[in-house]
Structure formats: C-alpha cells, structure tokens
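# Fold and geometry: a report
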Amino acid sequence: VITRPEMEIGRYHWMYRSSRPHRYHHVPALRGNISPLGIQGCFECCIKCLGGVPYASLVATILCFSGVALFCGCGHVALTGTVSILEQHFSTTASDHALLSEVIQLMQYVIYGIASFFFLYGIILLAEGFYTTSAVKELHGEFKTTACGRCISGMFVFLTYVLGVAWLGVFGFSAVPVFMFYNIWSTCEVLKSFQSNVTVPGDQICVDIRQYGIIPWNAVPGKACGPILENICNTNEFYMSYHLFIVACAGAGATVIALIHFLMILSSNWAYLKDASKMQAYQDIKAKEEQELQDIQSRSKEQLNSYT
C-alpha cells in the first residue's frame with residue numbers, strides 16, 4: 001500500500017524531474033529607486049506623501065488667508081483715510097466726529113483680533129483636513145476613530161457655519177462704505193461734466209455726508225459743494241480709500257467663499273469619520289467572532305487528541 005507521503009514525493013519527482021535541492025542565485029539590485037525587495041525610493045515616497053495632502057482644505061485655507069488679509073489690511077488703511085477726509089472737509093469740530101473716531105478705532109482693534117483668530121483657525125482646519133483625509137489612512141495604516149474625535153469634527157462644522165453666517169454680515173457691512181464713496185465719486189463725475197455748461201452752476205451740486213448718519217446734523221460744514229467737492233475728489237486720500245474699500249469688500253467675499261468651502265469639506269470629513277467608526281465596530285465584532293471560533297476549534301482538537 002502506497003502511503004500519502006510517498007505519493008507526494010512521487011508527484012514532486014514527476015513535476016521537477018529531479019530531487020536535487022533548489023539552488024538560490026544572487027540577484028543584483030535594480031538600478032533606480034526601487035530595489036527587488038520592494039523598498040520604495042525617494043521619488044515614490046514623495047509621490048505617496050503628495051497623495052496624502054488634502055488639496056481641498058489647502059485651497060480653502062489659502063483662499064481664507066488671502067481674503068482675511070485683504071479685508072483686514074485694506075480695511076484698516078481705508079478707515080484711517082476716511083477719518084482724515086472727514087476731519088479736513090466735512091467736520092472741522094472734533095466733538096462732532098468724536099464718537100465716529102472712537103468707533104473706527106474700535107473697529108481697527110477688532111480687525112487685529114480677526115486677523116489673529118483666522119490665522120490660527122485656518123491652520124487648525126488644515127490640520128483637521130490632514131488627519132481626516134482618506135490618504136492619511138493609506139499612509140499610516142489602520143485608521144482609528146473615537147467619540148471625542150467625531151465630536152471635535154462636528155464642533156468644527158457648527159463653528160464654521162456660525163462664522164460663515166457672521167461673515168455674510170461683514171460682507172454686507174463692508175459694501176456700505178463702497179456705496180458711499182461711489183456716490184461721492186459719481187457726483188464728482190457729474191460736476192466735471194457740467195463745468196462746460198454755464199447754465200448749471202457748480203455750486204448747486206453737493207454731497208451731504210450728514211444724510212448717511214455718520215456725523216450729526218449740526219456738524220459744520222457737513223457738506224461739500226462745487227469746487228470744494230472737486231478738490232476732495234482729486235485728492236489721493238479719496239481715491240486710495242475708495243479703492244481700498246473695494247478690495248476689502250472683495251476680501252470679505254473671498255472669506256465667505258472659503259468658509260463655505262470649509263463647511264463642505266468638514267461635513268464630508270465628519271461623514272467619513274462616522275462611516276469609519278461603524279466599520280471599526282464591525283471589524284471589532286468580526287475579529288471577536290473569529291477569535292471565539294479559533295478557540296472552539298483549538299479546544300475541539302485538544303479533546304480529539306486526548307481521545308486518540
């Protein structure tokens with residue numbers, strides 16, 4: 001009777017035609033960045049690292065930093081120029097625009113705080129994007145989530161939503177000085193077009209700042225007409241403040257877009273964390289069941305060996 005080991009030996013001789021042991025030959029290393037053992041080189045490591053960059057969060061962070069920088073920097077300089085124009089041409093008495101000067105100074109301090117806060121908040125959101133992207137899972141192995149991590153991600157979603165609504169108000173508020181300066185600039189253009197028409201005196205074309213409510217009605221002079229208004233429009237402070245307010249308004253709009261972009265990214269990351277936690281729970285249950293099955297099989301083998 002031929003036993004099973006003898007059958008295996010015969011099949012081996014029939015397949016390889018020889019019972020001589022296999023000889024291993026030295027394989028030279030391949031030229032390039034990858035060795036025959038599969039060790040990655042510098043180029044492959046760089047490609048893998050670039051694949052782990054959350055480009056959506058990176059674009060949103062750059063857009064957020066740019067928008068906040070334009071709003072804060074241009075808004076700060078434009079407010080200073082506005083105070084100078086009011087003091088020189090529309091309100092010669094310091095007591096008339098004292099409240100406005102305090103409000104503008106307070107707004108400038110708020111601008112400092114906004115710039116500092118969004119610099120840190122943008123970095124935090126970018127870091128959150130790095131740690132929740134699916135590419136990080138591929139780089140660092142199995143991805144583990146906790147209830148605290150999901151709670152923090154949900155908190156970022158809520159906070160970004162609140163900040164987005166607040167910046168919508170900032171965007172609307174930043175359009176008010178643009179509207180005021182545009183009215184003054186358009187009045188100056190009308191005044192220049194009427195200079196050749198002798199039937200329409202230039203003194204009848206005026207700009208009254210008091211109607212906007214930024215200075216009281218008893219402020220002196222409160223308005224500018226004719227040649228005085230034309231001189232105001234020809235100053236560098238007026239054009240500089242006008243264009244800076246436009247850029248600040250555009251920066252506020254860019255910040256709103258960046259926050260909306262962040263909100264979409266954070267919502268997607270939160271959904272990913274939620275699915276990852278469910279998958280983790282499923283894998284834990286599956287591993288526990290497999291361990292119990294292995295324990296049962298090992299006990300069965302032990303009992304069978306004891307009987308035999």
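What you see is a predicted model; the values in this text were computed from it and never measured. (Residues numbered from 1 in each chain as written. Predicted model: local features only at pLDDT ≥ 70, side-chain atom pairs only at ≥ 80, totals over all residues. Heavy atoms only, no water.)

On to the UniProt feature "transmembrane region" (unreviewed entry) in the protein, then. Cross-referencing UniProt, the feature "transmembrane region" (unreviewed entry) maps to residues 58-86, 106-131, 152-185 and 244-266 in the present numbering. Summarising residues 152-185: 100% helix, 0% strand, and an end-to-end C-alpha distance of 49 Å. (UniProt positions renumbered as here; feature names shortened; annotations may be inferred. Helix = DSSP H or I, 4+ residues; strand = E, 2+ residues; numbered from the N terminus.)

Another aspect to go through is helix 7 (residues 226-233). Along helix 7, the residues classified as buried are Gly226, Leu229, Ile232 and Cys233. In a view along the axis of helix 7, the buried residues occupy a sector of 120 degrees, so they form one face of it. (Buried < 20%, exposed > 50% of the residue type's maximum accessible area, 1.4 Å probe, protein only. Arc of directions from axis to C-beta.)

With 50 residues, the main nonpolar core has Val68, Phe90, Phe118, Trp167, Ile184, Ile209 and Leu229 as its most contacted residues. Listed by contribution, the elements that provide at least two residues to this core are helix 3 (55-90), helix 4 (98-132), helix 6 (147-193), helix 7 and helix 8 (236-307). Ranked by residues supplied to this core, first place goes to helix 8 with 13 residues. (Core = buried A, V, L, I, M, F, W, Y, C linked by side-chain atoms within 4.5 Å.)

This paragraph deals with the packing of aromatic side chains. Considering all chains together, one arrives at 14 aromatic pairs under this definition. Note on phenylalanine 118 and tryptophan 167: the rings are 5.5 Å apart at their centroids and 80 degrees apart in plane angle, and the pair reads as edge-to-face. Within this pair, whereas phenylalanine 118 is found in helix 4, its partner tryptophan 167 is found in helix 6, the two being separated by 49 residues in sequence. The residues phenylalanine 118 and tryptophan 167 share a single accessibility class, namely buried. Through pairs of rings, three or more aromatic residues link up here, namely Phe71, Phe117, Phe118, Tyr121, Phe156 and Trp167. (Phe/Tyr/Trp six-rings, centres within 6.5 Å; stacked < 30°, edge-to-face > 60°.)

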